[in-house]
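Chain residues, written in single-letter form:
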Amino acid sequence: MSAIRVRFAPSPTGNVHIGNIRAAIFNWLFARHTGGKFLLRVEDTDRERSTPEAIQTLLDAMKWLKLDYDEPEVYQSHNTQRHLAVAEDFLRRGLAYKEDKGGKGECVIFRMPKQGRLTYHDLVKGDMKKKAEDTQDFVIVRADGSPVFHLANVIDDIDQGITHVIRGDDHVENTFKHIELFKAIGAPVPQYAHLPMIVNNMGKPYSKRDGAAFVGEFREQGYLPDALFNFLLLLGWAPGDDREVLTREEMIELFTLEKCKSSPARFDMKKLQWMNGEYIRNTPEEEYEREFVSRVKAAGLPVEGVDLKGIVAQMQVRTKFYRDIPGNCSYFFTETYPFDPKGVAKRLKGEDVPALLEKVAAAFEALEPFDQATTNEAVKQLAGESGMGSVIHPVRVAVSGLTEGPGLFEMLELLGKEKVCRRLRTVAAGLKDPAGPFAALP
Ligand code: GLU
């Protein structure tokens, strides 16, 4: 049995920042890889922000990401007496003193060493050092009698038997203080691993202004928890080969702190979207189909009597977000599918388009069987010198309303000859009609 004990120690604020949950993910994987324990400590000493709702938001986020913990969660606010007793002990031993800072009453202040160097070995960042003269004594108990983060954090780590502190590198400076507190209490200093800063495209700290930054936002936007988990793991860690999509089991097997990187980790939203698509693509077919059907039905599209198999297969490989399903495939279910105005403007507004669509309809009508191969050949013949794109693009927008989707010939086969020909003719007529449905579009 490994004696490794790590913890996630968030301060609940009502939103769970991705930088924080990334720390939880790294701690969780480290514990699962080593057979150690992963604990949750709620640093809820800011009574105004740590409301029951804020704590619930935190617990929900952990549950959603399947970050289970091995002992009941510890609430820091329950340990205040213990924190204050240690401060008293420091005062008695001359390791701390009282001072009135700014006329608000006396605080308890911890003495930092005045000479020499403070050093520690960071498992991610390497050897860290600081001159004692560049540090300052700091407050451990406020004038109102409440313990400060540094004191509470270190004492709780001692009481929970934490062996490794894995957290964001915004805490590097604090670590020099924390180590002195461990020593003053006479407790073994844990090992530290500080994860690299998450940055935006400009190399600046990633913030709300750059896009979604809280777990709840990603959840609302339709990201899958496993995709977000995988993506956040790659912010500061890599498996050592070029794999990017990993199962939970693979992550647990491969996760070591040696593979953590110290250089800033760039948050690439495009990559997260791609990752989400990969997870949807890898979802078991029956599960995707269940999701698909429920979303299509919820959008009011009639699925009864439609042969779903081929449609589902085509859509699964190109769904990036479940919520986009109805909008991306309504044309399989209804004749009143909407037209993307940009697609109409770009592909259907040419003068010769109605005649082209009618020609295609006539050629398709004669096909037997009507499948990918025969429609492909027919389009090739019709296009001749001008290239297949000149036919493919207008036909696609005419029969689906959209500029993107499954390969055109797959789509045509799934729709079937009758629907395709009818739609081509209806759209051709609509385009010619000055009072028709396309007239209002640019
Ligand atoms: N409550 C602190 C934070 O969320 C804990 C830091 C730590 O992991 O020690 O930043």
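Higher on the page you've got the structure.
Residues numbered from 1 in each chain as written. Predicted model: local features only at pLDDT ≥ 70, side-chain atom pairs only at ≥ 80, totals over all residues. Heavy atoms only, no water.

## Quick word on the pairing of strand β1 (residues 5–8)
Here 4 bridges tie β1 to strand β2 (residues 37–42), and the two strands are oriented parallel to one another. Each residue of the ladder has a partner; that of Val6, found in β2, is Phe38. Handedness of the crossover is the feature at issue here: the chain leaves β1, passes through helix α1 (residues 18–34), returns alongside β2, and the resulting connection is right-handed. (Pairing = 2+ DSSP bridges. Helix = DSSP H or I, 4+ residues; strand = E, 2+ residues; numbered from the N terminus. Right-handed = clockwise from strand over helix to strand, strands pointing away.)

## Re unusual backbone geometry
The omega angle of the peptide bond from Glu368 to Pro369 is 0°, so this bond is cis rather than trans. Examined against the element boundaries, Pro369 turns out to sit in the loop between α14 (353–365) and α15 (372–383). Unlike most non-glycine residues, Lys66 shows phi in positive territory, near 55°. Inspection of the secondary structure puts Lys66 in the loop between α2 (52–64) and β3 (74–75). Residue classification places Lys66 among the partly exposed positions, given a relative accessible area of 44%. (Buried < 20%, exposed > 50% of the residue type's maximum accessible area, 1.4 Å probe, protein only.)

## Some thoughts on the sheet that holds strand β5 (residues 106–110)
The strand order β4-β5-β8 describes an open sheet built from 3 strands, whose pairing is antiparallel. Looking at which strands have only one partner, the edges of the open sheet turn out to be β4 (96–100) and β8 (138–141). Neighbouring strand axes in the sheet, compared pairwise and without regard to direction, differ in orientation by 50° on average. Of the pairings in the sheet, the one linking β4 to β5 comprises 5 bridges and is antiparallel in character. When the bridges of β5 are listed, Tyr97 appears paired with Ile109. (Axes fitted to C-alpha atoms, helices over the stretch in contact; angles between N-to-C directions.)

## Observations regarding α2
Across its 13 residues, α2 extends 18 Å between first and last C-alpha, which sits within 8% of the 18 Å expected from 1.5 Å per residue. Regarding α2, the residues found buried are Ala54, Ile55, Leu58, Leu59, Ala61, Met62 and Trp64. Check the buried side of α2 and you find it contacts β1, α1, β2, β3, α6 (215–220) and α7 (225–233). Looking at the residues trailing α2, positive phi occurs at Lys66, about 55°. (Expected span 1.5 Å × (residues − 1). Contact = heavy atoms within 4.5 Å.)

## Digging into the packing of aromatic side chains
Applying the stated rule across the entire model yields 19 aromatic pairs. Here the aromatic rings of Tyr223 and Phe321 are separated by 4.9 Å at their centres, their planes lie at 85°, and the arrangement is edge-to-face. Of this pair, Tyr223 sits in the loop between α6 and α7 while Phe321 sits in the loop between α11 (308–316) and α12 (325–329), placing them 98 residues apart in sequence. Phe321 sits in the buried class, given a relative accessible area of 7%. For the pair Phe292 and Phe333, a centre-to-centre distance of 6.2 Å together with 50° between the ring planes defines the contact as tilted. (Phe/Tyr/Trp six-rings, centres within 6.5 Å; stacked < 30°, edge-to-face > 60°.)

## Notes on the sheet that holds β1
The 3 strands are arranged β1-β2-β3 in an open sheet whose pairing can be described as parallel. Because the sheet does not close on itself, it has two edges, and the strands there are β1 and β3.

## Here's the deal with the nonpolar core
Nonpolar side chains in soluble globular proteins tend to end up buried together. Of all hydrophobic cores here, the largest spans 109 residues; its most connected members are Ile21, Phe292, Phe333, Leu357, Phe364 and Leu424. The element that contributes the greatest number of residues to this core is α1, accounting for 10 residues. Within the second largest apolar cluster, 27 residues are counted, among which are Leu39, Val86, Ile162 and Val172. (Core = buried A, V, L, I, M, F, W, Y, C linked by side-chain atoms within 4.5 Å.)

## Points about helix α17 (residues 408–415)
Every buried residue belonging to α17 is among Leu408, Phe409, Met411, Leu412 and Leu415, and all of these are buried. The arc that holds every buried residue of α17, seen down its axis, measures 155°, which confines them to one face. For α17, the elements touching its buried residues are α14, α15, α16 (389–400) and α18 (417–432). (Arc of directions from axis to C-beta.)

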